[in-house]
Amino acid sequence: KMAEGAGTEAPRLAELLATGWRLWEEVEAGTEPSSSAPAVQDKVRRGLEALQQAASMVAQLELFSENEELEEIASADLRYLLLPALLGALTLRQAGQGQRLEHLESARRHLARFLRLCKAYGLGAFALPADSPAPDDGPAPPAGLVAMASARHAKIERYKQKKELENRLASMKTFVESGQADDDQMREFYLLQIQKWIHISLEEIESIDQEMVILKNRGTIKQSSAPPHGTSRQVRAPLKPFILTRDAAQAKVFGAGYPGVPTMTVDDWYEQRRRQGVMPGQSVPQRTPGVNDEELQKTQQEKKEEEDDEEALQKARNWDDWKDTHPKGYGNRQNMG
């Protein structure tokens, strides 16, 4: 069929598929720490361009039809059934700020198209995934234990089958790529590749559906938590650490600086909070107009000296009174002193 419809385009088509396939394998086996690295994304871009050109040529040549049987497809043409699967796999490797959901949806369409094509040709016994990851009326009800166990068993079996396919393909790859394989061997090789990619596509779609639900829920939460249009939240500057003192005298004695010494008085702190609007209902103790900190400190010092003098005088009077009523040596029971 390829010889009938492709003509001179056959080598070009084969080259495009080989280029895209090789670039996908390099991305998959890459050693870059991040898939968003420029070198990785350059391979993804070039691989997608080659595969998209090949898919466009396949569509123009009408190589595949859902009305024909698998036996009608030439052995060399079977490999082009893999184009939508490779397109989906490379689309998943695309990076882009805010474009993840778009890439997931595009990759899912490619993979679902591949699975539908395989189903139409009777390639593999599997159930086609739903058209969307979740129904529009809300999340699906939780599965029962029996359903969960069945799904887990199916996943384990699918993994074993994929590993067996990969081992068989590895032993045939060099032989086929060298051009030594006959038609039957080429047909078996590409049918095995298709089976392998059926397993990959089913796993990728399951993963895509889970990620899409998470992304959509995250977007809904962001929208509901966003402030109403036209309003803005008041942003306050972060408070710096400080130490309070009882009065200006203490602040002057201790000096200024952090962490071991105070930097402001309680009055200063209340005044600062009031100006910033943090404590709108608080009132700040008022000082006497015209009295500065130096005069206030001097007044407090004089008052303290007066109190100290009165206390010393009272102690002296009490001592004189006590000596009047107690003779010298009173209380010396041990003849000491």
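Quick note: structure is the one above.
If you're wondering where the values come from, they're calculated on a predicted model, not measured in any experiment.

Asks: I keep staring at the overall build of the protein chain and nothing clicks. Help me out?
Replies: When helices and strands are counted, the protein chain shows ten helices and two strands. Per-residue burial over the protein chain gives 28% buried out of 337 residues. Residue pairs in contact within the protein chain that sit at least 24 positions apart in sequence constitute 64% of those at least 6 positions apart. Looking at the protein chain as shown, the accessible area adds up to about 23300 Å², and 51% of this sits on carbon and sulfur atoms.

Asks: Hey, could you run me through the packing of aromatic side chains in this one?
Replies: Using the criterion set out here, one finds two aromatic pairs in the structure. Relative to Tyr 190, the ring of Phe 189 has its centre 5.5 Å away and its plane inclined at 70 degrees; by these criteria the two rings are edge-to-face. Look at Phe 189 and you get buried, because its relative accessible area is 4%. Look at Tyr 190 and you get buried, because its relative accessible area is 8%. Taking the ring centre of Phe 126 as reference, the NZ or CZ of Lys 119 above it sits at 4.9 Å.

Asks: Please clarify how the pattern of salt bridges should be interpreted in this entry.
Replies: Pairing between side chains of opposite charge can happen when their charged atoms approach one another. Per the stated rule, a full pass over the model turns up 15 salt bridges. In this structure, the salt-bridge partner of Glu 271 is Arg 274, at a minimum N-O distance of 2.7 Å. On the criterion of helical spacing, the pair formed by Glu 271 and Arg 274 is a turn pair, its members being three residues apart in helix H9 (residues 266–276). Assessed through its relative accessible area of 24%, Glu 271 is described here as partly exposed. For Arg 274, a relative accessible area of 39% translates into the label partly exposed.

Asks: Can you walk me through the packing of helix H2 (residues 9–28) against helix H4 (residues 83–92) in this structure?
Replies: When two helices pack together, their arrangement is given by the angle between their axes and by how far apart the axes lie. Remark: H2 packs on H4, axes separated minimally by 10 Å, with the N-to-C direction vectors making an angle of 40 degrees. Remark: the crossing between H2 and H4 carries left-handed chirality. Note on element contacts: H4 touches H2 through Leu 83, Leu 86, Ala 89 and Leu 90, opposite Leu 17, Gly 20, Trp 21 and Trp 24.

Asks: What am I meant to see in the nonpolar core here?
Replies: One broad rule of soluble globular proteins: the nonpolar side chains tend to lie buried together. Core analysis: the biggest nonpolar cluster contains 59 residues, and Tyr 80, Leu 81, Phe 114, Trp 197 and Ile 198 have the highest contact counts within it. Mapped onto this core, the elements with two or more residues apiece are H2, helix H3 (38–61), H4, helix H5 (100–120), helix H6 (145–177) and helix H7 (183–225). In terms of residue count, the dominant contributor to this core is H7 (eleven residues). Look past the residues within four positions of Trp 197 in its chain and what remains in contact with it is Trp 24, Leu 82, Ala 85, Leu 86, Ala 89 and Phe 114.

About the criteria used
- Residues numbered from 1 in each chain as written.
- Predicted model: local features only at pLDDT ≥ 70, side-chain atom pairs only at ≥ 80, totals over all residues.
- Heavy atoms only, no water.
- Helix = DSSP H or I, 4+ residues; strand = E, 2+ residues; numbered from the N terminus.
- Buried < 20%, exposed > 50% of the residue type's maximum accessible area, 1.4 Å probe, protein only.
- Contact = heavy atoms within 4.5 Å.
- Areas by Shrake-Rupley, 256 points an atom, 1.4 Å probe, with all protein chains shown as cover.
- Phe/Tyr/Trp six-rings, centres within 6.5 Å; stacked < 30°, edge-to-face > 60°.
- Lys NZ or Arg CZ within 6 Å of the ring centre and 35° of its normal.
- Salt bridge = Lys/Arg side-chain N within 4 Å of Asp/Glu carboxyl O.
- Axes fitted to C-alpha atoms, helices over the stretch in contact; angles between N-to-C directions.
- Left-handed = near helix turned anticlockwise from the far one by under 90°.
- Core = buried A, V, L, I, M, F, W, Y, C linked by side-chain atoms within 4.5 Å.

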